[in-house]
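Structural features, examined
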Amino acid sequence: MKIGVVGLGYVGIVTAAVLANKGNEVVGVDVDQNKIQSLKKGVVPIFEPGLENLIRNSAMKLNFTDNFNGLEGCEAIFICVPTPNNKEGIDLTYVMDASKKVSSCAKDSILIIKSTVTPGTARVVRKNTGMSVFSNPEFTREGSAVYDTEHPDRIVIGGDPADVCESIWKFTGSKIIKTTNENAELIKYASNAFLATKISFINQIADLCETIPGADVNVVAEGMGMDRRIGNEFLKAGLGYGGSCFPKDTKALLSFSLDRNVDLSIIESVISYNDKRIKELVSKITDKIGSLRGKKICILGLAFKDNTDDLRESRSISLAQELIRSGAIVKGFDPVVKNTDLMEICNDIDQCISFSEIIITATEWNLFKDLTKEELSGKKVFDFRRILNLENSEITMGVGIGKN
Ligand code: UDX
């Protein structure tokens, strides 16, 4: 099949590479000429495990261009452009602009919206373009985006007839839910909002555990997760959720519901707790060791989670900002992030640790698991991701551990 992908961010590049690797003729379109130039040379502008290899292996089937005319002759075109929030809620300008451009050069193609959009958007795009418009939200996690795209838990297709979209994803062997555009659009928001709810929930249980000697949120989460009705994922207490999706999508869903006078106060409280979490974690540090003025601190892990270099809405960055505001001298280490304007990033983890009096784990890179008590001896250790292989007595504070 000849397939177009418009918008070559995390979702678009991975979608294009996976579909080309399965033998489709894929054209990736983006307005960013630098990105197109680098992709043409096989240089991937983001860190995503497996992606560069996939693009290299699919080079014969994969073309990149900044010209929408390259989409001529495509049977299906995916829209993967960003949907940021503005003051009123979701900003659909990129989706509307991209679909209009597509309709002027590939009217006979079907349009598949992969961008996260509020319910009713596909209907408007259909009216604006006169094209057949389908909704096919993505549920891939950065850091395992290639695997998730090839092995999704489910494929959601909104719009009728779903045949072409269905045949594109058949190779995954995953369950396919065929439904209305509106249901598909809402499944994405409800899923992300629910996962964010699990995270704020377990972080609040972690706060509670810290007040109970003998309690440990990891064990509580494990015990909860064994109940199949609850499930064991997304119950890892930490710094709260970050990244390009959860913060944005929960806020978009909330403002969408407010516009309809619908009470989504659960999500409102999930957001407000997540928003204040970093400040609360910093006050937990000061409760333990007093003023941070002049204190040297090392943050381990700078992106919004492990296995990515994505700094969007990174909790580590918010943490660094809050620590710097409190007068601390902050340095960071990350296996893949190598610069931010905010602080010095050490190339070497040992160098970062030996500089500091206080060590904070902020993302879950496996590398941090190997730190020994000798390497951390004499340091105040705040294990905010519960990643260290140390006894409770060897750390100053672990999220969700109630100490005697
Ligand atoms: C998410 C969704 O998982 C995916 O389905 C959707 O399509 C895009 O958004 P992603 O943003 O890549 O994916 O990250 P994810 O792995 O979901 O983590 C989001 C944030 O929650 C991270 O900051 C992570 O550290 C945090 N998190 C996740 C926790 O704090 N605890 C958990 O148990 C799980």
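Right, let's walk through the structure included here. (Residues numbered from 1 in each chain as written. Predicted model: local features only at pLDDT ≥ 70, side-chain atom pairs only at ≥ 80, totals over all residues. Heavy atoms only, no water.)

Here we look at the sheet that holds strand E12 (residues 329-333)
Taken in spatial order, the six strands of this open sheet run E13-E12-E11-E14-E15-E16, and their pairing is parallel. Looking at the sheet topology across the chains shown, the edges are occupied by strand E13 (344-345) and strand E16 (397-398). Here five bridges tie strand E11 (residues 296-300) to E12, and the two strands are oriented parallel to one another. Among the inter-strand pairings, Ile297 is bridged to a residue of E12, identified as Val330. Of the strands in this sheet, strand E14 (358-361), strand E15 (380-383) and E16 touch helix H11 (residues 265-289), which is tilted by about 150 degrees from E15. Helix H12 (residues 315-325) rests against E11, E12 and E14 of the sheet, and its axis sits at about 175 degrees to E11. (Pairing = 2+ DSSP bridges. Helix = DSSP H or I, 4+ residues; strand = E, 2+ residues; numbered from the N terminus. Contact = heavy atoms within 4.5 Å. Axes fitted to C-alpha atoms, helices over the stretch in contact; angles between N-to-C directions.)

Brief notes about the pairing of strand E7 (residues 110-113)
Side chains of E7 alternate between two faces, with Ile110 and Ile112 and Leu111 and Ile113 buried alike. One ladder, built from four bridges, connects strand E4 (residues 76-79) with E7; its direction is parallel. The residue of E7 that forms the bridge with Ala76 is Ile110. Of the strand pairs in this sheet, E7 and strand E8 (residues 132-135) are connected by four bridges, and their pairing is parallel. Looking across to E8, one finds that Leu111 is bridged to Val133. (Buried < 20%, exposed > 50% of the residue type's maximum accessible area, 1.4 Å probe, protein only.)

Considering a negative patch on the surface
On the surface, a cluster of negative charge is made up of Asp348, Asp350, Asp370, Glu374 and Glu375. With respect to the element layout, Asp370 can be found in the loop between helix H14 (366-369) and E15. Exposure remark for Asp370: the relative accessible area of 58% places this residue in the exposed category. (Patch = residues over 30% accessible without salt bridge, like charges linked within 9 Å, V, L, I, M, F, W, Y side chains within 5 Å. Areas by Shrake-Rupley, 256 points an atom, 1.4 Å probe, with all protein chains shown as cover. Salt bridge = Lys/Arg side-chain N within 4 Å of Asp/Glu carboxyl O. Lys, Arg positive; Asp, Glu negative; His and termini not counted. Charge placed at Lys NZ, Arg CZ, Asp CG, Glu CD.)

Points about the pairing of E15
As paired elements, E14 and E15 share four bridges and run parallel to each other. Pairing of Ile358 across the sheet is with Lys380, part of E15. Note that E15 and E16 share two bridges and pair parallel. Looking at E16, one finds that Asp383 is bridged to Gly398.

Some words on the packing of helix H8 (residues 181-210) against H11
Interhelical geometry of H8 versus H11 gives an angle of 40 degrees and a closest axis separation of 9 Å. In terms of orientation, H8 and H11 fall into the oblique class. Seen from above, H8 lies across H11 with left-handed handedness. Two secondary-structure elements touch here, H8 through Ala193, Ala196, Thr197, Ser200, Asn203, Gln204, Asp207 and Glu210 and H11 through Ile266, Ile267, Val270, Tyr273, Asn274, Arg277, Glu280 and Lys284. A class-by-class count of the residues in the contact of H8 with H11 yields six nonpolar, five polar and five charged. (Parallel < 35°, antiparallel > 145°, perpendicular 65-115°, else oblique. Left-handed = near helix turned anticlockwise from the far one by under 90°. Nonpolar A, V, L, I, M, F, W, Y, C, P; charged D, E, K, R; others polar.)

Here's the deal with the packing of aromatic side chains
Under the counting rule described, the total for this entry stands at six aromatic pairs. Between Phe78 and Trp169, the ring centres sit 5.9 Å apart and the planes meet at 70 degrees, which makes this aromatic pair edge-to-face. Remark: Trp169 occurs in helix H7 (residues 163-169) and Phe78 occurs in strand E4; sequence separation between them is 91 residues. What makes Phe78 buried here is its relative accessible area of 0%. Each ring, one from Phe382 and one from Phe384, has its centre 6.1 Å from the other, and the planes form 65 degrees; the classification is edge-to-face. The exposure classification of Phe382 matches that of Phe384, with both residues buried. The rings of Phe78, Trp169 and Phe171 are connected pair by pair, giving a single aromatic cluster. (Phe/Tyr/Trp six-rings, centres within 6.5 Å; stacked < 30°, edge-to-face > 60°.)

Re the site of the ligand
In the vicinity of the ligand, 19 residues are found, and the nearest of them are Phe139, Glu142, Lys236, Gly242 and Lys305. At 3.0 Å, a backbone N or O of Phe139 approaches an oxygen atom of the ligand. One nitrogen or oxygen atom from the main chain of Lys236 is found 2.9 Å from an oxygen atom belonging to the ligand. Within the complex, 93% of the 660 Å² of free accessible area of the ligand lies under protein. It is H8 that provides the largest number of residues to the shell around the ligand, a total of three residues. (Near = heavy atom within 4 Å. Polar contact = N/O pair within 3.5 Å; in protein donor to acceptor, adjacent residues only side chain to side chain.)

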